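Coordinate inspection notes
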Amino acid sequence: IMKIFEENDVDRVVHFAAESHVDRSIKNPEVFVKTNVLGTAVMLNCAKKAWELPDGSFKTGKKFLHVSTDEVYGSLPDDGKSYFYETTPYQPHSPYSASKASSDMLVKAYIDTYHFPANVTNTSNNYGPYQFPEKLIPLIINNALHGKKLPVYGDGLNIRDWLYVDDHAKGIDMVQEHGKLGESYNIGGHNEKTNMEITRLILEAMGKDETSIKYVEDRLGHDRRYAISNDKITSELGWKPSLTFEEGIKITID
């Protein structure tokens, strides 16, 4: 990594890198700590070394943007009224979300300790074309295409906030270009749906019935509901999602 910095005049780091699947984090948490926590520390140290001036300040025009998740905030009541804000205390419940919370805290520590030029973004569940098929939406689509059973955890009523990947990318770009250094920004879809709603919408869009749905044992420590408030990024930077879920899921299936 340091060689890349040394051989290029790097202005921006957008740190997406993550092990991100909760199920795998439950089975093998050490991998998630290595990638998400230690990996973030490596990126921060390399950027700091490359950008820091002799007086301890940083070269102008440099920024480290750390992309994180809403899962660091924990779980919300199933009331449809409460939301995650940038000021919501962290309360991770899985090895994955704990590793991401740790990486967020590292970035914030560098901001506070070194005045390191960085932002943190926390996003809701992304979906879109060519997503890795361990995730819910591509798993359901792929299984439906191949006539396989569609596994749904527990009672299927866990709620997630869904965001089309292009809208997330636009939000990241806005924070990268115009976000105030040191600030965190939530990027959410304002599009809450239960896992069962997602499954039924996909089946309906594909012209298939619900006989292939199979309820399976619930995930350990399964958070009930996530929902992000976009107030800050909307008011400060003018971002808002451009696609409805119905539009985005059609593109994804096609």
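For the structure given in this document, a descriptive report is provided here. Computed from a prediction, not measured in an experiment: that's the story for all the values here. (Residues numbered from 1 in each chain as written. Predicted model: local features only at pLDDT ≥ 70, side-chain atom pairs only at ≥ 80, totals over all residues. Heavy atoms only, no water.)

Two elements in contact, helix 3 (residues 29-51) and helix 4 (residues 95-114), have axes whose closest approach is 8 Å; the angle formed by their N-to-C orientations is 20 degrees. Here helix 3 lies roughly parallel to helix 4, going by the angle between them. The handedness of the crossing between helix 3 and helix 4 is right-handed. Contacts between helix 3 and helix 4 pair Pro29, Phe32, Val33, Asn36, Val37, Thr40, Ala41, Leu44, Asn45 and Lys48 from the former with Pro95, Tyr96, Ser99, Lys100, Ser102, Ser103, Leu106, Val107, Tyr110 and Tyr114 from the latter. Tallied by class, the residues present in the contact of helix 3 with helix 4 amount to 12 nonpolar, 6 polar and 2 charged. (Axes fitted to C-alpha atoms, helices over the stretch in contact; angles between N-to-C directions. Helix = DSSP H or I, 4+ residues; strand = E, 2+ residues; numbered from the N terminus. Parallel < 35°, antiparallel > 145°, perpendicular 65-115°, else oblique. Left-handed = near helix turned anticlockwise from the far one by under 90°. Contact = heavy atoms within 4.5 Å. Nonpolar A, V, L, I, M, F, W, Y, C, P; charged D, E, K, R; others polar.)

In this section: the environment of Lys170. Within the secondary structure, Lys170 is located in helix 6 (residues 165-178). Along the backbone, Lys170 and Leu139 are 31 residues apart, and their C-alpha atoms lie at a distance of 25 Å. Setting aside anything within four residues of it in sequence, one finds Lys170 in contact with Trp239 and Ser242.

Quick look at the sheet that holds strand 8 (residues 192-194) now. The strand order across the open sheet formed by 3 strands is 4-6-8, and the pairing between neighbours is mixed. Edge positions in the open sheet fall to strand 4 (125-127) and strand 8, since each of these has one partner strand only. For this sheet, the mean angle separating the axes of adjacent strands, direction not counted, is 50 degrees. Summarising the sheet, strand 4 and strand 6 (residues 159-164) pair through 3 bridges and their orientation is parallel. (Pairing = 2+ DSSP bridges.)

The biggest cluster of nonpolar side chains holds 18 residues, and the ones touching the most others in it are Phe5, Val13, Trp51, Phe64, Val107 and Phe116. Among the elements of the structure, helix 1 (2-7), helix 3, helix 4 and strand 3 (118-123) are those that each provide at least two residues to this core. With 6 residues, helix 3 is the single largest residue contributor to this core. Every residue in contact with Phe64, bar those within four places of it in the chain, is listed here: Val13, His15, Met43, Leu44, Ala47, Trp51, Val107, Phe116, Pro117, Ala118 and Asn119. The next biggest cluster of nonpolar side chains, apart from the first, holds 17 residues, and it includes Ile141, Tyr164, Ile202 and Phe245. (Core = buried A, V, L, I, M, F, W, Y, C linked by side-chain atoms within 4.5 Å. Buried < 20%, exposed > 50% of the residue type's maximum accessible area, 1.4 Å probe, protein only.)

In this section: unusual backbone geometry. Unusually for a residue other than glycine, Tyr130 sits at a positive phi of about 65 degrees. Structurally, Tyr130 is set in the loop between strand 4 and helix 5 (136-145). The phi dihedral of His190 falls on the positive side, at around 45 degrees, and the residue is not glycine. Position of His190 relative to the elements: it lies in the loop between strand 7 (184-187) and strand 8.

Time to look at helix 7 (residues 195-205). Looking at helix 7, one finds that the buried residues are Asn195, Met196, Ile198, Thr199, Ile202 and Leu203. On an axial view of helix 7, the arc spanned by its buried residues comes to 160 degrees, and they lie on one face. Residues of helix 7 that are exposed and angled more than 90 degrees away from the buried face: Glu204 and Ala205. Structurally, helix 7 contributes buried residues whose contacts are with helix 5, strand 5 (150-153), strand 6, strand 8, strand 9 (213-216) and helix 9 (245-253). (Arc of directions from axis to C-beta.)

Our focus in this paragraph is the pattern of salt bridges. Applying the stated criterion to the full structure yields 12 salt bridges. Here Lys48 and Glu52 are joined by a salt bridge, their closest N and O atoms 2.8 Å apart. For the salt bridge of Arg225 with Glu192, the shortest nitrogen-to-oxygen distance reads 2.7 Å. Of the two residues, Arg225 sits in the loop between strand 9 and helix 8 (231-237) while Glu192 sits in strand 8, which places them 33 residues apart along the sequence. The exposure class assigned to Glu192 is partly exposed, which follows from its relative accessible area of 29%. Each member of the salt-bridge network shares a partner with another, and the members are Asp9, Asp11 and Lys62. (Salt bridge = Lys/Arg side-chain N within 4 Å of Asp/Glu carboxyl O.)

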